[in-house]
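Descriptive analysis of the structure
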Amino acid sequence: MSNLRDKVYILIEKNTENYEEWPQNNAKKIAEQFNCSRNLVSQYLNEYWEKGVFGKIVSRPVLFFKLPQVEINAKTFKSLHAARVWNASHSVSPLDAIIGSERSLYQIISQIKAAIQYPPHGLPILITGETGTGKSYLAQVIYKHLQKMKFITKTARFVSVNCSEYSNNPELFLSNFFGYVKGAFTGATQNNKGLAEIADGGVLFLDEIHSLSKECQEKLFQFMDTGTFHRLGDNEHWSKSNCRFVFATSENPEKKILPTLLRRIPVKVFLPAFNKRSEQEKKELIQFFLKNEQKKVGKEIYVTNNLVSFLIHYTFKGNVGDLKNVIQLSCANALIQQVEENKLKITLMELPEKVGFENYKELKNTNNSRFIAVSNLTKNDQKNSIEHIITDLYTIDIKKKPSEKLFDCYQRYFKKRFINISISDSETLNSFFGLKFQQFTRHIEDDYKISVDTFFYKIILYLFDKNNYHYDFKEVDFQKWSNFKDDVNKYLGYEVGLVREFKNEVDLTSNEGEELLFIILFKLMVEEHKSQKRLSLIVAHGANTASSIAQTVNTMVGDYIFDAIDMPLDVTSKEIALRVNNYLNKRKSFADLLLLVDMGSLEKISSQLEISNNKNFALITNVSTGIALDVANQIKLKVDTASIVQNVKKNQTIDVFFQKSVKKQDMIVCTCESGLGTATKLKQIMVKSFPKNSKIVIDSFDYYSIAKENYISELRKNYNILFIVGTLDPQVKGVTFFSIEDLILGINVKKITNKLAVYFDQKQLEIINNNILKNFSLTNLTDQLTILNPTKLLEQVTDAIYILQTKLNLSLKNNTCFGLYIHICCLIERLVMQKGMADEINLSKTSSSKFKNFYKAFKNSFTVVEQYYSVEIPEIEVKYVYDYIKEA
Ligand SMILES: Nc1ncnc2c1ncn2[C@@H]1O[C@H](COP(=O)(O)OP(=O)(O)OP(=O)(O)O)[C@@H](O)[C@H]1O
């Protein structure tokens, strides 16, 4: 026989189960029940309270209840309600056990909990979502939660009403729902309680609420307002029911439910479709249903990885409900075949025919499938926390490996772990981190002339975008991996710099461990494409056809091969082409593009793709999982793109296309606004400054042609313009201009050599630098530009310009003077050689009095020159000099 202390404990524990019993948990009532001293009971109750076993409610009388778990400190509450709310939030709720409660359903479940706890009887809730998403299931879990949290008693009922059964019969609904009295209609032989009354104190679940007639919806909201109603046939007496309302509909509530009723439902939650849920959640659901079947058949169930992959990627029209059915039917099919076996093995072959797996048929025959025990299905999916990853990387024994092997190991590790990572381009732009990271990778691709691997790019986004992913770094033993850290840092000076640069840009704070992982990932991200410069992309119609083929194939070959762009049917071809072009732009530095499309997409987007002709471009039509798998296997074997296309053509009867890259040459453009003649001479000086074996093309162009956009874009098809050298900037977008004046003064020569850093070694660069300085010195320049005696000519032109400045009271900048020296020296030579006028020049039309003055002064200043060389400088050339000085 237990002692009084134990008896008190057992009684409080029992009463705590039922919220209605909590008021009985006071010393007086307990003492009466056990016929003992109230003081003694009070002493025991307070002992349990001090130990954190019971909670104390300081109401009158003082009440106690058993806490869900023992607390370190004694817990005291001001009211019964406060104690109840605290208890609810500290107990493990059935709502928290729903798959997805910490992820896709987190928001929904928090909302529901808040609504349920709202005094006195919670707030009505409307659950929407496609068929089979789990609306009825959620309603039942809400009921279980209410019971477990003691918001309702154990005896309170869950009453479910399927309103679609009454869509054509409102009278039947009203009599069943509100009850009736004897004689209310023929056959009403006695008084009858309705569903509303049966649900008193419990939960009333009205499914498919949209199918209820207007009249019934009106009666319903009157009942919701007052908690009272008349039974059918009795308009005098009011019946009462204090129930909690949960509604569900698979239709758009705004369109199908009376606004007056909808207004009375303050909490509306939307359950996501199965294919919108994360892979992890899908896997957990698959495991959950398989475990249920395991219990039913009494055998351990094994499934192939292909089957799991299929179930994850298949679009179940009836959502979770359909998944459950398909799993049940597959198990039943397997059971018929394997009656004698003590294990049940399920493969794609056991899928019911109705799933229509056209895309997957070929997978049935692939024999690289592995069996996994149901209990292991989600085993490898520990939280992808940074601490786990660091710990894993630490365990790779780097001591015995040279640096390349070490990073091979890291690469394999990430590929294994994140094979199915799926972050679409639109998602990456939704966060600040994503946007910045995208900009940064583009910048490093351009400036450092490296390529970015999309797979590692996605991992970084996945792990470091703190808005989306939560992780904790408390448990890593920093001591333990300090050697690891030192070793890794030893090889990664360059990446450390990149990460610092990026962190400054985003203002990212991180602890040491995060930073280390970031550095390793950067290394892998910028390393990978050095060996594999091929983009492999699948584009196909359907909400997730492309991504599911890509994910399935990536999983099957155990490597990240394909990126995917889905083409939902409501998205225009223009938008898709834009997305593909964005994708290509972001990854500019690839060498090969292998594009797999379905038939329709090809017609729609191919003409709008911007693929420059220095890339190899291969196109494979009619993509299916089988074709993608074939391609992926060849990519794994490092087969070159042209051969892949040929092989695919041999194996499948589909259209393929391969366009070999035309290697773009790098070019330096020389141009002078005074005409092609000067530009050509300039070209000769530039050529002289470069090593003989230089692969860079140096050519001269007409200034006004270069300034035209069409001309430049034609030129760019075959050349990569490095920079332009000339007398006046033709303002070509994205191309740096170096003026001759600057070069004469020795300005910007370093900038030119920086631009050439990837083409020449340090020694060659120094030679180029010195050559430019030497060749662009003024006397040398005129020497190169003129056939006349350069020293004499330059002297005369310098004098003339000096006189001109004095006459006009002008003080020209050095640069402008140099420009004029060269220009006029060339001009005189042209006139002497009778090459005629400068090429067409766009001069301003005004013939103002200012110009007349200038013309006079110019002619006067240049009299000596004109006489000496027997030439006459035409007015148009004077006008050019006038404009040149004005603009300078
Ligand atoms: N999160 C879940 N966990 C476990 N089982 C679930 C879950 N969601 C749905 N189910 C199961 O899937 C099946 C379909 O769910 P349910 O009937 O609740 O969907 P519904 O949205 O109410 O569908 P309908 O609109 O067709 O009535 C049920 O057998 C249910 O038990």
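Criteria and thresholds
- Residues numbered from 1 in each chain as written.
- Predicted model: local features only at pLDDT ≥ 70, side-chain atom pairs only at ≥ 80, totals over all residues.
- Heavy atoms only, no water.
- Axes fitted to C-alpha atoms, helices over the stretch in contact; angles between N-to-C directions.
- Helix = DSSP H or I, 4+ residues; strand = E, 2+ residues; numbered from the N terminus.
- Parallel < 35°, antiparallel > 145°, perpendicular 65-115°, else oblique.
- Left-handed = near helix turned anticlockwise from the far one by under 90°.
- Contact = heavy atoms within 4.5 Å.
- Nonpolar A, V, L, I, M, F, W, Y, C, P; charged D, E, K, R; others polar.
- Buried < 20%, exposed > 50% of the residue type's maximum accessible area, 1.4 Å probe, protein only.
- Arc of directions from axis to C-beta.
- Polar contact = N/O pair within 3.5 Å; in protein donor to acceptor, adjacent residues only side chain to side chain.
- Pairing = 2+ DSSP bridges.
- Near = heavy atom within 4 Å.
- Areas by Shrake-Rupley, 256 points an atom, 1.4 Å probe, with all protein chains shown as cover.

As recorded in an unreviewed UniProt entry, the chain goes by the name RNA polymerase subunit sigma-54, listed as coming from Lactobacillus kullabergensis.

To continue, consider the packing of helix α1 (residues 4–17) against helix α2 (residues 27–34). The description of two packed helices rests on the angle between their axes and on the distance between the axes. Taken N-terminus to C-terminus, the directions of α1 and α2 make an angle of 120 degrees; their axes are 11 Å apart at the nearest point. Classified by the angle between their axes, α1 and α2 sit oblique to one another. Once α1 is placed against α2, the crossing between them reads as right-handed. Counted together, Leu-4, Lys-7, Val-8, Leu-11 and Ile-12 of α1 and Ile-30, Gln-33 and Phe-34 of α2 form the full contact between these two elements. Per-class residue counts for the contact of α1 with α2 are six nonpolar, one polar and one charged.

To continue, consider the side chain of Lys-859. Here Lys-859 lies in helix α38 (residues 849–861). A relative accessible area of 16% means that Lys-859 is categorised as buried. The residues touching Lys-859, leaving out its near neighbours within four places in the chain, are Glu-866, Glu-872 and Ile-873.

At 3.6 residues per turn, the α-helix brings residues three or four places apart onto the same side. Buried residues of α2: Ala-27, Ile-30 and Ala-31, and no others. Viewed end-on, α2 has its buried residues packed into an arc of 100 degrees, placing them on one side of the element. In α2, those exposed residues whose orientation departs by more than 90 degrees from the buried face are Glu-32 and Gln-33. Two or three places before Lys-28, at the start of α2, stands the capping residue Asn-26, its side-chain oxygen 3.2 Å from that residue's backbone nitrogen. Looking one or two places after α2, you find Asn-35, whose phi comes out positive at around 55 degrees.

Moving on, we come to the sheet that holds strand β21 (residues 719–726). Within a sheet, each strand pairs with its neighbour through backbone hydrogen bonds, oriented either parallel or antiparallel. The strand order β20-β19-β21-β22 describes an open sheet built from four strands, whose pairing is parallel. Every other strand in the sheet has two partners, leaving β20 (697–702) and β22 (736–739) as the edge strands with one partner each. With direction set aside, neighbouring strand axes in the sheet form an average angle of 30 degrees. Sheet topology places strand β19 (residues 665–672) next to β20; six bridges connect them, and they run parallel. In the sheet register, Cys-670 faces β20, and the bridge partner there is Ser-700.

A few words on the site of the ligand. Near the ligand, the surroundings consist of 16 residues, among which Thr-131, Lys-135, Ser-136, Tyr-137 and Lys-324 are the closest. Residue Lys-135 places a side-chain N or O atom 2.7 Å away from an oxygen atom belonging to the ligand. Burial of the ligand by the surrounding chains reaches 80%, relative to a free accessible area of 630 Å². For the shell around the ligand, the secondary-structure elements that each account for two or more residues are α7 (135–148), α13 (279–297) and α15 (319–337). Classifying every residue of the shell around the ligand by side-chain character gives five nonpolar, six polar and five charged.

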